[in-house]
Structures are given as C-alpha cells and as structure tokens.
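Structural description and commentary
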Amino acid sequence: MGRRSKSFHLFWLFAALMLVAAPACASLPGGTGDGLECPLRLGSVRPETGQGAAFGQSLADGLAMGVDEVNAEGGILGCEVEVIAYDSQSVPANAATLTQRLITQDNVPLVIGSSISTESLAMMEITENAQVPIYVPSAASAKITSQGYDWVWRQSVIDRSAAVLFADYIANDLGWESVGVIYENTDYGKIPVQEVLGPRLEENGSELTIAEAFNPGDVDLSGQLLRIADAGVDGLVYWGHEKEAATLLKQNQQLDVNLPIAGNTGIVYPAFLELLPADVQAETDLVAVSQFVWTTDDPEQLAWIEEFRERFGRDPDVTAMDGYDAVFVLKKAFEAAGSTENTALQQALNEVEYEGVGGFISFDETGQAIRSLAIARLTPKDGKGFEVVREVEPGEY
Amino acid sequence: MSTFLQHLIQGSTLGATYALVALGFSMQFSAMNLVNFAHGESFMLGAFVALVLTSSLGGSYLLAFLGAVVILGVFGAIIERISIRPLYGTSELNLFVATIGLSILLRQVGILLFGADAVPFPAGFGTSNIAIGPAVINRQQLGIIVAAVLFMVGLNLLLRRTRLGVAMRAVAQDPSTAALMGINVPLIKTLVYGVSTSLGAAAGILFASLTFAVFDMGLWMGIKGFTAAVVGGLGSLPGAVLGGLLLGLIEQLSAGYISSLYRDAISLSVLILVLLVLPAGLMGRRGSTWGKV
C-alpha cells in the first residue's frame, strides 16, 4: 500500500465521478392501455428527493389536493382518480425510465410531467414515441413546447413571455437606461436573458450593459455583484431560483451596493422570503414577475390559499397552484374526450378551456398554455410580502 | 482599489471555510488512506444540528455551535466504527463505494429530518458591517475567519502538544510501526474521523450563518474542499489551509475580474496548472507527513 496505490485511488475516484455524472438516454416503443376500468390511474413523475425536491413537493401537494377534491365531486368519467407517483430523485434519466414503466407496466392513459424542465424533456421522448399525452403542470423551459411534439401540453407560464413583459416594464415603467443582469448559467437562466430580455430591452431604448452568470447552488455572488456595481448600472435583473436570489439580496445589502433588483418568476416563492432577514427585506428595492402571488387580494385565490395552508401548514407557491389546477383541466379534457383513448384525449386537450384558481387556461397549437402574468413589488412595511402592482391578461404577452 | 480589497475579503471568507473542510480530507487521507466522499455531509449535518440546538437552547449561538461540533465529532466516530472500520483490509475501491453510499444516505436522511427547502440560519455574530478602509467586512465574515483560525490553532495544539496528537501523527506516518509501539491504530483512526467531522461541522455552521442551511450544501462543499486538499497536497495539513485560501481567492478574483461564466473553469484550470508543476500539490511531500498546521 504505497504511494502508487494512492494515485490509483484518485483515478478510480474520478472514474466513479464520471460514471455518476454521465447521462443516460432510453427510448423504447410502448403502447397505451384502452378501456375504462375504474379507478382511473394517472401517472406522475416528480423529484421527491435530490436537488429539485422542494418543487417536486409543491407539485405533489397541489396534485393531491386537486385529486381529493375531484374525487369528492364524483371523480372523472364516474371513476375515482388515482395517481401512480414515482420519485425521479431529480435525475432526468430516472424520469425517462419511470415514464416507460408508467406506460408499459401501469398502462396509464396520461402522464403528468415533472416540475424540473430537464426531467419533463426526458419524459417527452418516451411519451411522444408511445403516443401517450404528457401534461406538464409546471416547468419553465421553452423547449418543452417549442420542438413540435404532438403529445405534450404545458400549463405554467412560459419564461419567454415573462422576459418580454419584464423587459418592457423595466425600460418603460422603472426607467432603467443602463441595466445589469445576473443569471443562472443553465438553459433556465441563459435562454430568456440572451434571446429575449437583452434584445427586448434594446428595442425599448435601454442598454444591457453587463451580464454576469452564476452556477446553480452557488453561495457567493459577491464577485459578480461588485463587478456589476462597478459598471454603474441603474438596476440589476436577476434570472434564476430563489436560493441564489436570497444570497444576492443579502450581499447587495451587506456590501453596501444597494442596487434596485428585478427578479424572474423563480423567486416569487414563500421559501424565498423565509430566507431573507427582515432588515434585508426592508432595505431592498425589489420587483418580480410571476403568474401567481400568494399574497393576492383575489377572494377566490385567498380561499384556496387558506385551504392549502390548513392542509399543509405552509403558504402555497405557483407550482402547487399549477398542480392543483392541472387536475381540473385534466378532468375537463377526459370528460370531453369521453374515454381514455389517446387521440380523443389529444383532441380534447387541444380544445380545453378552464377557469382555474390561478386564472384562465387554454392552449395554443404547440401545447403551450396562454396565461395571465403579474408584476409584484416587495413591500415589507405592512408585513405582506409581495404586492401585485401590474396585471396582464392571458394572450397579452 | 476598494473593489479589489472587497474581493480579497470575500475570497478569504470563502477560502477559510474551504480550508476547514480540506483539513478533514487531508487528515483522513493520511491517517486512514481514505478519500471520503461523505465528508461534505458533515458540513450539512453540522449546520442542521446547530439549527436544532439554537431552537432548543433558547437561541444561544455559541452554545449551539460548540454543541453541534461535539455532537458531530461523536457521530463521526460512530459512523466510522460502523461503516468504515469493517472494510479495512479489503480493496480501497470498497471504501470509495462505501463513502459514496454513506454520502447519499446522509443527504437523504437530511431531507427526511430537515426537509428539502433551504432554511434560514441565524447570523450568530451579528449582521452589521465594519469598515476596513474603503471596503466593508460583515461581522459574520469576520467571525468565520477568526473561528477558522482558532480551529486551526486548536488542531495544531492537539496534534503537537497532546499524547493523542502524537499518536495520530504516528499513525499517519507509519501505521504498522505505530501499532508495534503499542498504539491502538483502529481507535486512533476512529478518533481522526471524529475530529475531521467536527471540523467539517464547524465550517458548515459558520457558513450557514452567512447564507442558509440546505440538505445538499455538503455536495458542492465536498467537491471544493477536496479540490483544495488536493491542490495543497493531499495529506498535508498546512497544504489544506493554503489550498483552501487559494481556491477561495482565485474563485472570487476570476468572477470579479475575468468572467463569472467561467469562474469554476478558470479556478480549476489554475489548480490543474499547479498540479502539473507540482504533482504532489503545493505542500505535498513523499511519504507525506502532517507537518505544522
């Protein structure tokens, strides 16, 4: 056991790392089950463990609440609804395998997509081949509905629309002429910022002066922040998830940079505010774009929010709301189709219209839902959190 | 200039945490011939145990901090006894796989006990800023640097001034001779594992007070700490400290002055360069000894 074996040690260590990191792809043909035996089983794959577990939990809670209500009202097509749920562990390859299992072993007529975009993208390959509808309640990547797939529907708001609205709001309402941006270095952050936000800001006469990136899970954004501050911008746009946003806001205050910040849909989550100390909330100038804000005044939404709080002991987020509404959209589609047959279901989903708690839902020809949007401002003074300052009707963006 | 100074402060804070974790990797490697995939999880568990203790001890940060460090030390020793010691004498690969499994297990236990969401963590040393010339240092950052230095001094005293420390160093240098001299080698290995787990826990608590606690925080910290330990020279304790500080500063400066997009690529390239010139790491030596901390 000399030094030689230690260097082998390291070699195997890296070999093991590569194996763990290597993506796997599977694409096998499969068939759909027919007929109307009760209960009606729907498939769901979501991350209950791993990096995406928090979003997966929200989706699971929203779905569970919707399913219980639908069942209390007599189910779908006279059948009780049952969700066969598998944990993807936040690994897209697992999501693909589990989707295959749902289709071939469990014979589900429809699969509910994951709350992680990359997982839903992996699942779509399987469902498209098998011609089984996949309904994605909440996932942001534009790719889900931009690849011309015939068997996918996505209910949550598309990040591109949010980016267009946001660029207009920043340039025209906030009046920032020189804009800095910091984004998550993944498709989630990169694509809306580079392809939509930047060009749209310029159309509005503002300039994207400096763009900095960070990696998901980063816990220090001070290098980027100081660089942006040195560029002398009027404000900073953030595009990423809530954990890194909390770090950014804290460091913005700690380092006395104090830039006004405009954040994307990924930060309008109760979890985000919980991570922010009160003094940071009070001293930060923050607006954000979202589809749903849990501190709304809308009485119907408030009633739902209260119900969610009672059941799960926490505030709902947009993923939970999309999961809840999804069950009712599916009920309407199944009942319009009159069966679980895939082509009838495809037709029904293309035509479905539903007024959910989270607003009106209908789909364009790509399967992308046309949704409303809102811009919210963080107003900690009355202890309310986010307050909606502008609402946009479905189809406007 | 003020920005540069600020970068140095931020980089040193980050580097001090890397160094504490890297110390654990290096201790385990030299005393146990173990590269421990699960070491990053001590960072996560330390933070959560301290969080539980602050809520049950009525919010005393210092007590919770020390309590969690001790608890994790004992926990580490137990884990070593149960899951690592039985594998000695088998292939080194078995040890790898065992620590990979252990890491996944601990992370999932973290989710089960503490949930998947990031949890806010009290800023134990206060949140106000202290001006240093044109730059500012947060009390918490100062606390991290001071605490990291104290832990390193403490570790040095343990290794140099106590019989236990002498035994640990002897095992690291030559386990067979140490055994012949009457040292209980397996016990010493267990204790080394415990001490390194304590160091990881301390780093986790300090860092969580600056950010938040989340179940997967040990994953990236494990990678960074391991990188720092390798660059410093795996097995060398002064090297671990140097590697940690260097990694923190390079990361910060490359994000601040070159490109945030390629921050990790740049810092890792610099580190690969270091290894090309000095294959054993900055302070690594043949027949690695622990040297001074």
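Use the structure listed above.
So, here is what we can say about the structure in this document.

1. A word on empty space enclosed by the protein
All names here are of chain B.
- Under the defined criterion, the tally for this structure stands at six cavities of 30 Å³ or more.
- When its volume is computed, the largest cavity comes out at roughly 80 Å³.
- Taken together, 14 residues line the largest cavity, and the ones lying closest to its centre are Ala-38, Ser-42, Leu-106, Tyr-193 and Thr-197.
- Of all elements in the fold, only helix H2 (39–56), helix H3 (61–84), helix H4 (92–114) and helix H8 (185–210) reach the threshold of two or more residues within the lining of the largest cavity.
- Looking at the lining of the largest cavity element by element, the count peaks at four residues for H2.
- Grouping the constituent residues of the lining of the largest cavity by class yields seven nonpolar, six polar and one charged.
- There is about 50 Å³ of room inside the second largest cavity.
- Secondary-structure elements contributing two or more residues to the lining of the second largest cavity are helix H1 (2–32) and H8.
- Looking at the lining of the second largest cavity, the element that brings in the most residues is H1, giving three residues.

2. A closer look at the environment of Lys331(A)
- When you line up the elements, Lys331(A) lands in helix H13 (residues 318–337).
- Residue Lys331(A) is classed as buried on the basis of its relative accessible area, which comes to 16%.

3. Examining a nonpolar patch on the surface
Residues and elements named next belong to chain B.
- Taken together, the side chains of Ile-272, Leu-273, Leu-276, Val-277 and Leu-278 make up a nonpolar region of the molecular surface, amounting to roughly 520 Å² of accessible area.
- By the secondary structure assignment, Val-277 is in helix H11 (residues 263–277).
- On the accessibility criterion, Val-277 (65% relative accessible area) is exposed.

4. Regarding the pattern of salt bridges
- Per the stated rule, a full pass over the model turns up 18 salt bridges over all chains.
- In this structure, Glu195(A) engages Arg160(A) in a salt bridge whose closest nitrogen and oxygen atoms are separated by 2.9 Å. Here Glu195(A), found in helix H7 (residues 187–203), pairs with Arg160(A), found in helix H6 (residues 159–174); they are 35 residues apart in sequence, far enough to count as distant.
- Look at Glu195(A) and you get partly exposed, because its relative accessible area is 47%.
- Classification of Arg160(A) by relative accessible area gives partly exposed; the value is 31%.
- One salt bridge connects Asp168(A) with Arg200(A), and the closest N-O pair in it is separated by 2.8 Å. Placement of the pair is Asp168(A) in helix H6 and Arg200(A) in helix H7, with a sequence separation of 32 residues.
- Given the relative accessible area of 26%, Arg200(A) is considered partly exposed.
- Shared partners join several salt bridges into a network, and the residues in it are Asp218(A), Lys224(B), Glu251(B), Arg263(B) and Asp264(B).

About the thresholds
- Residues numbered from 1 in each chain as written.
- Chains lettered and ligands numbered in written order.
- Predicted model: local features only at pLDDT ≥ 70, side-chain atom pairs only at ≥ 80, totals over all residues.
- Heavy atoms only, no water.
- 1 Å grid on protein atoms, 1.4 Å probe; cavity = no way out; pocket = protein on both sides within 12 Å on 5 of 7 lines; lining within 4 Å.
- Points joined across faces, edges and corners; volume = space filled by probe spheres on them.
- Helix = DSSP H or I, 4+ residues; strand = E, 2+ residues; numbered from the N terminus.
- Nonpolar A, V, L, I, M, F, W, Y, C, P; charged D, E, K, R; others polar.
- Buried < 20%, exposed > 50% of the residue type's maximum accessible area, 1.4 Å probe, protein only.
- Patch = residues over 30% accessible without salt bridge, like charges linked within 9 Å, V, L, I, M, F, W, Y side chains within 5 Å.
- Areas by Shrake-Rupley, 256 points an atom, 1.4 Å probe, with all protein chains shown as cover.
- Salt bridge = Lys/Arg side-chain N within 4 Å of Asp/Glu carboxyl O.

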